[in-house]
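# Analysis of the macromolecular model
This is what each chain is made of:
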Amino acid sequence: MSRLFTGLQIALLAVTLTAGANAAAPPLLPAVATVHIKDFKYHPPALTVHVGDRVTFVNDDDEAHTVTATDKSFDSEGLDTAGTWQHVFTKPGTFHYFCELHPYMKATIIVLPGAAK
Amino acid sequence: MKRDDFLKHVAWTGGGIAWSLSGTGLFNAQRALAADGAISFVQISDSHIGFSHPENPDVIGTLQQTIAGINAMPVQPTFVVHTGDVTHLAKPAQFDTAKQILGTLKAPLVVLPGEHDVIGTSEAFFSAFRRSDAPKGWFSWDQGGAHFLSLVNVFNFEIDGKLGAEQIDFVEKDLAAQKSSTPIVVFAHVPLYALFPPWGWTTEDGSRVLAALRRFNAVTVLNGHIHQIVQHTDGNIRFATAASTAYPQPAPGTAAKPGPLKVPDSKLLSVLGYRSVEIARSAATITDHSLQT
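Source: prediction; values computed, not measured.

## Focus: the overall build of chain A
Across its full length, chain A holds 1 helix and 8 strands. For chain A, with 117 residues in total, the buried portion stands at 27%. The contacts of chain A with a sequence gap of at least 6 include a subset with a gap of at least 24, amounting to 53%.

## Overview of the sheet that holds strand S6 (residues 109-111) of chain B
All names here are of chain B. Here 5 strands make up an open sheet; going across it, the order is S6-S5-S4-S13-S14 and the pairing mixed. Taken across any chain shown, the strands that pair with only one partner, and hence form the sheet edges, are S6 and strand S14 (284-290). Here the average twist between neighbouring strands, direction ignored, is 20 degrees. Its contacts with the sheet put helix H2 (residues 59-71) on strand S4 (39-44), strand S5 (80-82), strand S13 (273-279) and S14, and the angle it makes with S13 is roughly 35 degrees.

## A look at the environment of B:Lys173
All names here are of chain B. With respect to the helices and strands, the residue lysine 173 is situated in helix H5 (residues 165-176). Classification of lysine 173 as exposed rests on a count of 10 C-beta atoms within 10 Å. Each C-alpha atom, one on lysine 173 and one on valine 221, is 18 Å from the other, the two residues being 48 residues apart in sequence.

## Topic: the confidence of the model for chain B
All names here are of chain B. Residues with a pLDDT of 70 or more make up 86% of chain B, whose mean pLDDT is 88. Counted against residues more than four places away or in other chains, residues 1-36, with its pLDDT under 50, gives 62 contacts. Interface scoring of the predicted complex returns ipTM 0.73; its pTM is 0.83.

## Description of unusual backbone geometry
Cis geometry is adopted by the peptide bond preceding A:Pro44, which originates at A:His43 and carries an omega value of 0 degrees. Residue position: A:Pro44 is located in the loop between strand S2 (41-43) and strand S3 (46-51). Phi angles above zero are rare outside glycine, and A:Phe40 is one such case at about 60 degrees. Structurally, A:Phe40 can be placed in the loop between strand S1 (33-38) and S2. We note that B:Asp46 has phi near 50 degrees; this positive angle belongs to a residue other than glycine. Within the secondary structure layout, B:Asp46 lies in the loop between S4 and H2.

## Comments concerning the sheet that holds strand S6 (residues 84-88) of chain A
All names here are of chain A. Across the sheet, which stays open at both edges, the 4 strands sit in the order S2-S1-S4-S6 with mixed pairing between neighbours. Because the sheet does not close on itself, it has two edges, and the strands there are S2 and S6. Adjacent strand axes in the sheet meet at a mean angle of 20 degrees, parallel and antiparallel pairs treated alike. With 3 bridges connecting them, S1 and S2 associate as antiparallel partners. Across the sheet, the residue bridging to isoleucine 37 is tyrosine 42, located in S2.

Conventions adopted
Residues numbered from 1 in each chain as written. Chains lettered and ligands numbered in written order. Predicted model: local features only at pLDDT ≥ 70, side-chain atom pairs only at ≥ 80, totals over all residues. Helix = DSSP H or I, 4+ residues; strand = E, 2+ residues; numbered from the N terminus. Buried ≥ 20, exposed ≤ 12 C-beta atoms within 10 Å, placed from the backbone. Contact = placed C-beta atoms within 7 Å. Pairing = 2+ DSSP bridges. Axes fitted to C-alpha atoms, helices over the stretch in contact; angles between N-to-C directions. pLDDT = per-residue confidence, 0-100.

In C-alpha cells, the structure reads:
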C-alpha cells in the first residue's frame, strides 16, 4: 500500500510542508502583554491595555484554538499548538473574545483611551 | 476470536445492530440481513489534515491507509461520507491536500464540515467541497430505499453543536414527506444527542430534529467529532460516533479536557479506522474496521 502511494505521498508532503512554512508565525514584535492559552482557558481572563498597545497570544495547549472577538473586530484564525498571534488594539472599549473551536472559552480585553506609557 | 473476547465486546441493541471487536483489531458487527433492499456505504471522519504532533505525526499516511482499506473492499460502497474535520485549521492548502487524497477513493464522496473546517469562514471548505444541491451545506437524498440527511451543526455554534432554525425547518419539512417505514440515515459532525455536554459533545438545538425522527421505524444517526466509537440507542434511533483517521481523544470524563490523546505508537492504528454500514428496511448493520492489520 505504501508503495502504491509513495509518489502521491511525496507530492502531498511537499504541499503540506510548503503550507507549514507559509503559515509560520512572523517574528514577534515587542508587546505590552501576553495572553497564554492553557487548559482551554485564556490567562489572564481579563486584561487592560491602552489604545495602540500590542498584545501577544500564545497557544500552550495540545489542542488548536482561536482568539476571536465577539464583534468580529479581530480574529487570530486557527492557532495550532505553540502558535502565536499578535494584535494592536486601535480603538478604546471592552472587547469580549472567545475560541471558535471551543466557544465556552471566553475572555475580555479592556482598551483604555490615550497612548500607552 | 475467543468467546470471552467476543462477549466482552459485543452489545446488542434492540433493533439489530451488533457490535464486537475481534482479537485482530477488527471492530465487527454482524447480523444476517435480507439481501434485498440493502444499501451499503462507508463513513470516515476527523482526518485533521495539517495536524502534526506526537499523537500522530503522519495524518496523511493514516488517511491514505484508510482509503486503501476502503478501495480494497470486495464490494465497493455506494458512497463514502466524510463526517467532518477534514482539515485541522481550515487552511486552503490543507483542503487541497485532503482533496487530493480523498480523490483516490473509488466510490463517490460526500463531505460535511466539522468546526475545524470552518474556522473564521466556511469559504475554504465550500471552495473545496461545495455541492450545487446544497447551497447552505445541508441536503437530503434518496438512495437504495433509504432516505439520507446530511446536516451541518458547526456553523456559529456558541457552546455546543448547533443546527439553527433555518436548518431545523428544512429537516422538519423534509422528514414530513417521508413514509415512517423508510429507513432514515442522518449525518452530522457533532453528536446530535447529549453524549457528554461538559466537553461540548452535544447539539444544543438537536432535540427538535430528534423529535421529528421519532415516528420512523428505523433511524441511524452517524457522527464524528469525538474521535472514538460510542454507540447509543434511544428508542427507534441508533446513534454511533466514528473513529478518527488521525488521532484518538479520551473517553468522556477520563481527562481534564478533550483533545489529542497520545497512545503508544504500536497502538495508534488500532484506534483509527473507517466504518461500513448496511441499511435494510428493518435493520442497520454497522461494522467498524481499525487500520491495524
